[in-house]
Amino acid sequence: MKRKLLSILALLMTAATGAWADTTVTITGDNLSDNENEPSFTIEGVTVTNTSGDAIIVNDLEGILTFSTELGNFTEIVINADEIIESDWGGSTWTGNASSVSLEGWIYGISSIVFTISPTVVASGNCGTSGHVEEVQWSLTSDGVLTISGSGDMKDYNSTSMPWRNYRSASATYTIKSIVIEDGVTAIGDYAFQGCSSATSVSIPDGLTTIGSNAFYSCKMESVYIPDDVTTIGSYAFQKCKNLETVTIPGSVTTFGNSVFKECTGLTSVDFLDGVTYIGSSNFYGCTGLKSVDIPASVTRISSSAFYGCTSLESVDIPANVTKIESNVFDGCSSLTSINLYKLYIETNRLVLSSTNAFDNCHDDLKIHVFSDYVDAYKTAPTWINIEDKITPISVTANPDGTGFYWATYYNDLANAKIPDDDTYTQVFKVALSGSTLTLTEISDRVINKGEGVVLKSNSSSIELASAASTGTEAVGGYDDNDLKGTMNSITNPGNAYVLNKTATNGVGFYRLSSEGTIGAHKAYLTYSGDLAREFFLFDEATGIEAIDNGQLTIDNVVYDLQGRRVAQPAKGLYIVNGKKYIKK
């Protein structure tokens, strides 16, 4: 009997820390050596008791063993054992609906028990607005799920007036662990879930339009879906949600409060969708884990201290429509080394810098990049003149091919760019991939359309970019058949990606990226869904095809077929060696 009870208690200890529904756990009694002589033992709301009052762990058992739980009602308990000599269940399975279940019998060699527990409602009420109180309801179940249902807006609260306030603490008998807002609810009230410090998941429905101020203050969810029906996010709505990792702000948001994500220290990336017009004051203040932020072209204002103290932020792109950068916006961003400004500095439509403290306490090597034809305008402009040493042209670093030329890719989705007129050599190409054939077509006016990836070829390792009011149209078909994709931020291989490269044995081309490889910010790349054995697509710079007349490929270099696959023993045909095409006869 001791073996039986040790196994039961050990199973309960493990199950109590995980999911309770339809969970099977196999465990030995060794885990409970510290609790052998207790007549009753409670773990995470589950209690095992010998109702005779004797110790549970003895050589023999006289009395009735009872399972009870605060997590809801047992609906099924299944015992898997080597031998059941006697059981008042009449077998190994109990079914029913009860929070307490008794077992009397002799059972040996228990390998596992499956507990199915159905949660029960432990508290409920109404939470609608004045005059519509009963139209929105709330209920809390024994497993910690707080559900908001009904039709219409939730009531606004203060920090202590929400009806489920006594269930916010981790020490409460029933603690809010998950928040579910059902279809039909259109607004989350102020302070609605503030202080629900054990709430690790939140479900928000499509159709919801408002998230009130302080609504999720200090919750612990790792992610949150904000529907594209939301137009208002109140101040402090997600402040101190320190486990939140990523967030997407839909373009539907027209009212964006202050300090919305302040001190969300686990937040690593923010994606604003096109339509958002401003970033509120202190919105990301103290988000020390924030590494990347996508600001869309629709944004016109970045408010004070918006990114204050974002110590992991390394680079930022500021769209051309932004007309004002307020004080302390990037103050304390100690890793920030690069800011790209796409605004054309024109007196009638200039980018106002409220104070140079916008860039205080950034990295010592911070550079503010602007189009080359507006460098002088920024350096002599009000306020900007005080940081003129940080202002430099937007440029692309190109890599040598060993023949005197330099190659690079480039991408940005915020502004058109072009090669400056005084750079008479640099060429711009779009790339088409048809089957296994790669075609480079020169963009003769050298204008790089926003949202288009390009290949650049130059005689310099640094290629400056100027502003372009129009789009590139002189290439055949414009950019219509351009297959290059691009990214504004550094990303891990999105799948089947090929990036610009050159190897010692082959020429310049697009080479397959490893599955964990990264693509740098403002880089273009190709994706290929064909033969995944293909290692590269070369830019064919050869003037012709060379023939090997002796019928043998006697060179030591690696041989590839025209699909970029290695060939160990080439037969007659056309191959690539050292970046050139050869015929083996």
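Residues numbered from 1 in each chain as written. Predicted model: local features only at pLDDT ≥ 70, side-chain atom pairs only at ≥ 80, totals over all residues. Heavy atoms only, no water.

Colleague: Which residues make up the overall build of the chain, and what values go with them?
Modeller: Along the backbone of the chain there are two helices and 49 strands. Looking at the chain as a whole, 48% of its 585 residues qualify as buried. Carbon together with sulfur atoms contributes 43% to the accessible area of the chain, which is approximately 25400 Å² in total. (Helix = DSSP H or I, 4+ residues; strand = E, 2+ residues; numbered from the N terminus. Buried < 20%, exposed > 50% of the residue type's maximum accessible area, 1.4 Å probe, protein only. Areas by Shrake-Rupley, 256 points an atom, 1.4 Å probe, with all protein chains shown as cover.)

Colleague: Describe the pattern of salt bridges, listing the residues and the values that go with them.
Modeller: Counted according to the given criterion, the structure contains two salt bridges. Residue Glu326 is joined to Arg301 by a salt bridge in which the shortest nitrogen-to-oxygen separation is 3.5 Å. In this pair, Glu326 sits in the loop between strand E25 (324-325) and strand E26 (338-341) while Arg301 sits in strand E23 (residues 301-302), placing the two residues 25 residues apart along the sequence. Residue Asp481 is joined to Lys430 by a salt bridge in which the shortest nitrogen-to-oxygen separation is 2.6 Å. Highlighted residues: Asp481 in the loop between strand E39 (466-467) and strand E40 (485-487) and Lys430 in strand E34 (residues 427-434), separated in sequence by 51 residues. Accessibility expressed as a relative area gives 39% for Asp481, which makes it partly exposed. (Salt bridge = Lys/Arg side-chain N within 4 Å of Asp/Glu carboxyl O.)

Colleague: Provide a residue-level description of the environment of Ile448, including the pertinent values.
Modeller: Mapped onto the elements, Ile448 comes out in strand E36 (residues 447-448). Distance in space between the C-alpha atoms of Ile448 and Ala415 is 8.8 Å, their sequence separation being 33 residues. With residues up to four places along the chain from it excluded, the contact list for Ile448 reads Tyr410, Ala415, Asn416, Ala417, Lys418, Val428, Val454, Leu456, Leu465 and Tyr479. (Contact = heavy atoms within 4.5 Å.)

Colleague: Quick rundown of the sheet that holds E23? Include the residues and the values.
Modeller: Spatially, E21-E23-E25-E27 is the arrangement adopted by the four strands of the open sheet, whose pairing is parallel. Each edge of the sheet is formed by a strand with only one pairing partner; in this case those strands are strand E21 (278-279) and strand E27 (352-353). The pairing of E25 with E27 spans two bridges and is parallel. Note on E27: the bridge partner recorded for Lys324 is Val352. (Pairing = 2+ DSSP bridges.)

Colleague: I'd like to hear about the sheet that holds strand E32 (residues 406-410), residue by residue, with values.
Modeller: Spatial strand order, E31-E32-E37-E34-E35: five strands in an open sheet with antiparallel pairing. Only two strands of the sheet have a single neighbouring strand rather than two, namely strand E31 (399-400) and strand E35 (437-442). As judged from the two bridges shared by E31 and E32, these two strands associate in the antiparallel manner. Looking at the pairing, Asn399 lines up with Trp407 of E32.

Colleague: Before we move on, can you summarise the nonpolar core with the specific residues and values?
Modeller: Core analysis: the biggest nonpolar cluster contains 86 residues, and Phe193, Phe216, Phe238, Phe307, Phe330 and Trp384 have the highest contact counts within it. Among the elements that take part in this core, strand E10 (residues 136-141) stands out by supplying three residues, more than any other. (Core = buried A, V, L, I, M, F, W, Y, C linked by side-chain atoms within 4.5 Å.)

Colleague: Lay out the confidence of the model for the chain with the relevant residues and their values.
Modeller: For the chain, per-residue confidence averages 83 on the pLDDT scale, and residues scoring 70 or more make up 79% of the total. Across residues 1-35, confidence stays below pLDDT 50; counting only partners more than four residues off in sequence or on other chains, it has 85 contacts. Across residues 541-556 the pLDDT falls below 50, and counting only partners more than four positions away or on other chains, this stretch makes 25 contacts in the model. (pLDDT = per-residue confidence, 0-100.)

Colleague: Outline the pairing of E35, supporting the account with residue identities and numerical values.
Modeller: Sheet topology places E34 next to E35; six bridges connect them, and they run antiparallel. Bridge pairing in E35 links Val431 to Leu440. The antiparallel hairpin formed by E34 and E35 contains two residues in its connecting segment, where Gly435 sits at a positive phi of about 65 degrees.

Colleague: Help me get a handle on a negative patch on the surface, residues and values and all.
Modeller: A contiguous patch of negative charge on the surface is contributed by Glu182, Asp183, Asp206, Asp228 and Asp229. Residue position: Asp229 is located in the loop between strand E16 (210-211) and strand E17 (232-233). (Patch = residues over 30% accessible without salt bridge, like charges linked within 9 Å, V, L, I, M, F, W, Y side chains within 5 Å. Lys, Arg positive; Asp, Glu negative; His and termini not counted. Charge placed at Lys NZ, Arg CZ, Asp CG, Glu CD.)

Colleague: Explain the packing of aromatic side chains residue by residue, including any values.
Modeller: In total, this model carries 21 aromatic pairs according to the counting rule given. Arranged with centres 6.0 Å apart and planes meeting at 85 degrees, the rings of Tyr498 and Tyr528 form a pair that is edge-to-face. Placement of Tyr498 in strand E42 (residues 497-502) and of Tyr528 in the loop between strand E45 (523-527) and strand E46 (536-538) is noted, with a sequence separation of 30 residues between them. The residues Tyr498 and Tyr528 share a single accessibility class, namely buried. When the ring of Tyr498 is compared with that of Phe537, the centres are 5.2 Å apart and the planes differ by 65 degrees; the resulting orientation is edge-to-face. Taken together, the residues span a long stretch of sequence, with Tyr498 in strand E42 and Phe537 in strand E46 at a distance of 39 residues. Accessibility assignment for this pair places Tyr498 and Phe537 in one class, buried. When the ring centre of Phe405 is taken as reference, the NZ or CZ atom of Lys457 above it lies at 4.4 Å. (Phe/Tyr/Trp six-rings, centres within 6.5 Å; stacked < 30°, edge-to-face > 60°. Lys NZ or Arg CZ within 6 Å of the ring centre and 35° of its normal.)

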